[in-house]
Amino acid sequence: MEVFVLKIFLPQKLLILLTCLLVSSSSIYAFINFSPKKLEVEYQEADVVLPNGHIIKDYIVSGEGKVFIPYELVEHMMNEPILWDSESKTLNVGNIPTAAVMSDKLKIYHYDYDSIHAFLYCPDAKTNKPMNMANEVHENGYSFTNVISASFKLGQAYHNITGSLGCEDFKASSGQVDFYLDDTLIATQKLKANDLPHTINLDVTGGNQLKLVFSYFKPDTQINFADVYID
């Protein structure tokens, strides 16, 4: 069996730390005030009595004085929607995220560069390449080196984009990034070599194309747009 400690997002009225145990049935079980460790448990069908008196037949896991119930029962008890994110090992209760990781949905479809000096300064635009900013690693997002601009096709399907913009550690210089939605400037962010990442929030409602334009950076500077979410 495997034990996971999960980040839980709950309504402010009820702050509970849940830890989940994954058993052979592939169901997730929630319990309270438990430190991860291996247990010998029994897996059996039982009647679960909810606060409203309603009885649900389901399987529970018990052992060493503790009882584990399927997390779906928490949905019934709290009357809140629940979403299990297997990748981040996060159980979202009453706060279901609607935004998606942009770099998992949208790739760079075009970028411009200085063709005259390309043999000296190789242009590069990467998606989901590990990035380092302020000694923190970011696994998701986009990185740009020796690129003048980069474009994404939105297709009028999205409303908001948010992410962290900054320079790669030890590959930084000062410059400016402009964001255009269908050729209309919607945001500008100046970057300095020693800046911490800046939070970028863009309203892209109704837009077909998002274009990032990079100005004034020294050659071989790497600009990162990391942890970008879109909805």
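Numbering of residues starts from 1 in every chain and runs along the sequence as written. For this predicted model, a pLDDT threshold of at least 70 governs which residues receive local features, and a threshold of 80 or more governs which side-chain atom pairs are given and counted, while totals over whole chains, interfaces and linings are taken from all residues. For the side-chain quantities, the full set of heavy atoms in the structure was used; hydrogens and water were omitted.

Q: Looking at this structure, I do not really get the layout of surface pockets. What am I missing?
A: Over the atoms rolls a probe the size of a water molecule, and its path tells where empty space is left. By volume, the second largest pocket amounts to about 300 Å³. Forming the walls of the second largest pocket are 19 residues, and the residues nearest its centre are Asn146, Val147, Ile148, Phe217 and Pro219. Put simply, the parts of the chain that give the lining of the second largest pocket at least two residues each are β15 (141–145) and β21 (209–215). The pocket and cavity definitions rest on a 1 Å grid over protein atoms only: a 1.4 Å probe that fits but cannot leave marks a cavity, an open set with protein on both sides within 12 Å along at least five of seven lines marks a pocket, and residues lining either have an atom within 4 Å of a point. Grid points are joined across faces, edges and corners, and a volume is the space filled by probe spheres set on the points. In this text, helices come from DSSP runs of H or I with a minimum length of four residues, and strands from runs of E with a minimum of two, each type numbered from the N-terminal end.

Q: What should I look at first to understand the nonpolar core in this one?
A: Of all hydrophobic cores here, the largest spans 29 residues; its most connected members are Phe144 and Ile161. Secondary-structure elements contributing two or more residues to this core are β15, β16 (149–153), β17 (160–167), β18 (175–181), β20 (198–203), β21 and β22 (222–230). Dropping the residues within four chain positions of it, Ile161 is found in contact with Met102, Leu154, Ile200, Asn201, Leu202, Val204, Leu210, Phe225, Val228, Tyr229 and Ile230. Core analysis: the next-biggest nonpolar cluster, separate from the first, contains seven residues, Ala46, Ile60, Ile69 and Leu73 among them. Among the buried residues, those of types Ala, Val, Leu, Ile, Met, Phe, Trp, Tyr and Cys that are joined through side-chain atoms within 4.5 Å form a nonpolar core. Burial status follows relative accessibility: with a 1.4 Å probe on protein chains alone, a residue under 20% of its type maximum counts as buried, one over 50% as exposed, and anything between as partly exposed. Two residues qualify as a contact provided that any one of their heavy atoms is within 4.5 Å of a heavy atom in the partner residue.

Q: Sorry if this is basic, but what is going on with the pairing of β17 here?
A: Walk down a regular strand and you will see the side chains alternate between the two sheet faces. Extensive coverage of β17 is indicated by the burial of six of its eight residues. Here β17 pairs with β20 via six bridges, running antiparallel. In the sheet register, Leu165 faces β20, and the bridge partner there is His198. Whether two strands pair comes down to DSSP finding at least two bridges between them. By the bridge criterion, six bridges tie β17 to β22 in an arrangement that is antiparallel. For Gly166, the partnering residue across the bridge sits in β22 and is Asn224.

Q: Could you clarify how one ought to interpret the environment of Ile60 in this entry?
A: Mapped onto the elements of the fold, Ile60 is located in strand β6 (residues 55–63). On the basis of relative accessibility, which here comes to 12%, the residue Ile60 falls in the buried class. Measuring from C-alpha to C-alpha, the distance between Ile60 and Val41 comes to 9.8 Å, with 19 residues separating the pair along the chain.

Q: What exactly am I supposed to notice about unusual backbone geometry here?
A: Note: most residues except glycine have negative phi, and most peptide bonds are trans. Non-glycine residue Asn135 carries a positive phi angle of around 65°. On the secondary structure map, Asn135 appears in the loop between β13 (131–133) and β14 (136–138). The exposure class assigned to Asn135 is exposed, which follows from its relative accessible area of 71%. Phi angles above zero are rare outside glycine, and Asp220 is one such case at about 70°. Relative to the assigned elements, Asp220 resides in the loop between β21 and β22.

Q: Can you walk me through the confidence of the model for the chain in this structure?
A: Interpreting fine coordinate detail is not advised for predicted regions of low pLDDT. Note: pLDDT gives the predictor's confidence per residue, expressed from 0 to 100. Across the chain, the average pLDDT comes to 81, with 78% of residues at 70 or higher. Every residue in residues 1–34 scores below 50 in pLDDT, and together they form 90 contacts with partners more than four places removed in sequence or on other chains.

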